[in-house]
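Each chain, letter by letter, is given below.
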Amino acid sequence: MGALIIIAPCLISPFYVYRGPKEKEYKTSEALLNLLSEYSDRIKLFTYPCPEYELIGWPRPPMSREVFMRLGMSERAKTISEFIGRVIAEEKPEKIVFIGVKGSPTCGVFHTTSSDPDKFDHSFLKEFHRLTKEERIAHYTEILKRSGFRIVKGEGILFEILKTKFSGAVYVEFDKDNIEESLKRLKGVLEGL
């Protein structure tokens, strides 16, 4: 096997995004699929189960790394990392490339989210689930502000585990707010395979 590209599921299927997809998620998915298809003779694509969906379901309000830690994400991320490890062991790829999401509490490669978990209103989990897509998109920034949510340097919960287990892999962070730059960075990695 050539290279195994292990990619956060919401980058390929934007419907996993906590609030539901916006235009940038659709554009990210289309652009990534187009780019990856150019290398289909050299790569195999692997999307793992979405850790946040597995733990909370969908839709879900924006939550920081600390909130997810309190909700038990460490165990879910460990299970998913074991699944990824088993696939790697069985497939024996020559190279491994992980693609994560800038600012994700679970799949952030170099940037994750942070907030005071004591300020998170857990009752909003059920309320957010009942909102329509339009209502979720209209209110998610208000939730971010109210909880003191911010992007910080550091790994998401799953990627912290992955970087320890697979230190020889290549890690790429995809920024959905800067698709072109992210595509250039990824293309440079793919060209080197």
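Structural data are supplied above this passage.
Since this is a predicted model, take the numbers as computed values, not measurements.

Undergrad: For the overall build of the chain, give the residues involved together with the corresponding values.
TA: Helix and strand counts for the chain stand at 9 helices and 6 strands. The C-alpha atoms of the chain give a radius of gyration of 16 Å, which matches the 16 Å a tight globule of 193 residues would have. In the chain, which comprises 193 residues, the proportion classed as buried is 49%. In the chain, the share of contacts with a sequence separation of at least 24, taken over all contacts with a separation of at least 6, comes to 81%. Put simply, the chain shows about 9,600 Å² of open surface, and 51% of that area lies on carbon and sulfur atoms.

Undergrad: Go over the packing of aromatic side chains with me, naming the residues and quoting the values.
TA: Evaluation of the coordinates by the stated rule reveals 9 aromatic pairs. Ring geometry for Phe15 versus Tyr26: centroids 6.1 Å apart, planes at 65 degrees, classification edge-to-face. Of this pair, Phe15 sits in the loop between α1 (9-12) and α2 (23-37) while Tyr26 sits in helix α2, placing them 11 residues apart in sequence. Given a relative accessible area of 34%, Tyr26 falls into the partly exposed group. With centroids separated by 6.1 Å and ring planes inclined at 70 degrees, the aromatic side chains of Tyr18 and Tyr140 adopt a geometry described as edge-to-face. One end of the pair, Tyr18, is in the loop between α1 and α2; the other, Tyr140, is in helix α7 (residues 133-146), and 122 residues separate them in sequence. For the pair Tyr18 and Tyr140, one class covers both residues: buried. Taken together, the aromatic side chains of Phe98, Phe159, Phe166 and Tyr171 make up a single cluster linked through ring pairs.

Undergrad: Please provide a residue-by-residue account of the pattern of salt bridges, values included.
TA: Inspection of the entire model under this criterion finds 12 salt bridges. The shortest N-O distance in the salt bridge between Arg76 and Glu54 comes to 3.9 Å. Pair noted here: Arg76 is in helix α5 (residues 73-91) and Glu54 is in helix α3 (residues 51-56), with a separation of 22 residues, a long-range link. Here Lys163 ties to Glu155 by a salt bridge, and the two come within 3.3 Å at their closest N and O atoms. Glu155 gets classed as partly exposed once you look at its relative accessible area, which sits at 27%.

Undergrad: Could you give me a rundown of the sheet that holds strand β1 (residues 3-7), with the residues and numbers involved?
TA: If you walk across this open sheet you meet the 4 strands as β2-β1-β3-β6, and the pairing is parallel. On the outer flanks of this sheet lie β2 (43-47) and β6 (170-174), each paired with one strand and no other. With direction set aside, neighbouring strand axes in the sheet form an average angle of 20 degrees. Looking at chain direction, strand β3 (residues 95-101) and β6 are connected through 5 bridges and run parallel. Counted as the bridge partner of Val97 is Val170 from β6. In the packing of α5 onto the sheet, contacts are made with β1, β2 and β3, and the angle to β1 comes to roughly 165 degrees.

What counts, and where the lines are drawn
Residues numbered from 1 in each chain as written. Predicted model: local features only at pLDDT ≥ 70, side-chain atom pairs only at ≥ 80, totals over all residues. Heavy atoms only, no water. Helix = DSSP H or I, 4+ residues; strand = E, 2+ residues; numbered from the N terminus. Rg over C-alpha atoms; globule rule 2.2 N^0.38 Å. Buried < 20%, exposed > 50% of the residue type's maximum accessible area, 1.4 Å probe, protein only. Contact = heavy atoms within 4.5 Å. Areas by Shrake-Rupley, 256 points an atom, 1.4 Å probe, with all protein chains shown as cover. Phe/Tyr/Trp six-rings, centres within 6.5 Å; stacked < 30°, edge-to-face > 60°. Salt bridge = Lys/Arg side-chain N within 4 Å of Asp/Glu carboxyl O. Pairing = 2+ DSSP bridges. Axes fitted to C-alpha atoms, helices over the stretch in contact; angles between N-to-C directions.

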